[in-house]
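These are the residues of each chain, in order.
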Amino acid sequence: MNDNNGQLSMLTRNYFKKKFPLLYDICYENYKGLVRNPQWLLMRKLARFRIGRFLREFFLKATAKSSNFYVNESPTLFPYIDVNLVVDSLKKDGFYLGINLPENIVEEIVSFAHSNPCYIHRQSRLGFYYYQKQLAEIAYGEPLTLAGYFNTALLCPAIWQLQNDPKLLAIAAKFLEHEPAHQCNQLWWSFSGEVTDEQRRQTFQMFHYDMDDYRFLKFFFYLTDVDANGGAHICIRGSHKQKKLSHLLLPKSETDAEIINYYTKDSLVTICGKAGFGFVEDTFCFHKSKTPINRDRLILQLEYAITDYGMQHDTRDISGLRFLVNPKL
């Protein structure tokens, strides 16, 4: 009876999620915040507005003890990176390109991705190995669009090394003007193929912006070759500093036409690169990924912010993870 009730509840949620996506997202965000972390929910309401971010930054500066929030002399994977240049670009354009991974780090993370289960839409009961993708689609009942990994820093030393790299932490500290709090890692596949508009919205393939803190940034690393048809990331230059009031009052996924009409086509920056190519972005900018057409895309994201609200980590209790497809097949 409990299993039947759980299945009915899931079907009901999925119905409303597909029928009324914006209303569902608003209700779910409020429910999740009230139940798990009201401070996170309050931030989500205030951080979209300049006055909210200004007041938070004013309070932080008044209580900060030092501007040298992070000092670490341990070796970095990025000795060539100029921290000041990166931060200046982040503040001006909203992104900086060219924080590239050594080849051995790429190989280690890709090997991890192929030898560990990923989970459809990061749902802990829908696990499968990447080589089982076709079997997973049969079991799931529809083509797959996204699957991510759990416990990445715990299970992959290369990701742990990146998460604690002193150069990345120095960039985060200078940009945040505060000791960086690690919010999350995300390692995921975006699968190639045709998708509906609703699937684009659910898989971050429509323009949107993030509200993960009053100030935050994300490092992205391509782990497969990415060209214009391979799931390229697109961001809108300068859109972290200028948004329509309607975008602030009712955050939602926006169409290409809406974004281009407001920001102009010249503001679109399409980011392509070989496996290992990396960049950092203030994802309060409007951004999206293109739908992969000719190959699946594997990407790693590291996020740092002023506060860790405990809402985004990829850590999961192994005992609660389940396979959709028999791992022995």
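Residues numbered from 1 in each chain as written. Predicted model: local features only at pLDDT ≥ 70, side-chain atom pairs only at ≥ 80, totals over all residues. Heavy atoms only, no water.

**Observations concerning the sheet that holds strand 10 (residues 287–289)**
Within a beta sheet, neighbouring strands are joined by backbone hydrogen bonds and run either parallel or antiparallel to one another. Strands sit in the order 8-7-10 across an open sheet of three strands; the sheet is antiparallel. Edge positions in the open sheet fall to strand 8 (268–271) and strand 10, since each of these has one partner strand only. Averaged over all pairs of adjacent strands, the angle between their axes in this sheet comes to 20°, without regard to strand direction. (Pairing = 2+ DSSP bridges. Helix = DSSP H or I, 4+ residues; strand = E, 2+ residues; numbered from the N terminus. Axes fitted to C-alpha atoms, helices over the stretch in contact; angles between N-to-C directions.)

**As for the side chain of H247**
Here H247 shows up in helix 12 (residues 245–249). Using a relative accessible area of 2% as the deciding quantity, one classes H247 as buried. Setting aside its immediate chain neighbours within four residues, H247 contacts Y209, E254, E258, Y263 and F286. (Buried < 20%, exposed > 50% of the residue type's maximum accessible area, 1.4 Å probe, protein only. Contact = heavy atoms within 4.5 Å.)

**A few points about the pattern of salt bridges**
Going through the model one piece at a time under the given rule, you end up with 15 salt bridges. One salt bridge in this structure joins K218 and E303, with 3.9 Å as the shortest N-O distance. Linking K218 in strand 6 (residues 216–222) with E303 in strand 11 (residues 297–305), this pair joins segments that are 85 residues apart in sequence. By the burial criterion, K218 is buried, and E303 matches it. Here D225 makes a salt bridge to K274, at a shortest N to O gap of 4.0 Å. (Salt bridge = Lys/Arg side-chain N within 4 Å of Asp/Glu carboxyl O.)

**A short note on the sheet that holds strand 9 (residues 278–281)**
Pairing within the open sheet is antiparallel, and its eight strands lie in the order 1-9-6-11-5-4-2-3. Edge positions in the sheet fall to strand 1 (95–97) and strand 3 (127–128), since each has one partner strand and no second. Pairing geometry for strand 1 and strand 9, over three bridges, is antiparallel. The partner of Y96 across the bridge, within strand 9, is V280. Its contacts with the sheet place helix 5 (residues 83–93) against strand 1, strand 6 and strand 9, and it is angled at close to 130° to strand 1.

**Observations regarding the nonpolar core**
One finds I99, I109, L162, I171, L217, F219 and F221 to be the most contacted residues of the largest nonpolar core, which totals 50 residues. Of all the elements in the fold, those that place two or more residues in this core are helix 5, helix 6 (103–115), strand 2 (118–120), helix 9 (157–163), helix 10 (166–176), strand 5 (181–190), strand 6 and strand 11. Examining the composition of this core, we find that six residues originate from one element, helix 10, more than from any other. Sequence-distant contacts of F219, that is, excluding residues within four places in its chain, are made with I99, L168, I171, F279, V280, L300, Q301, L302 and Y304. Core analysis: the second largest hydrophobic core is formed by 13 residues, F95, A232, I271 and F279 among them. (Core = buried A, V, L, I, M, F, W, Y, C linked by side-chain atoms within 4.5 Å.)

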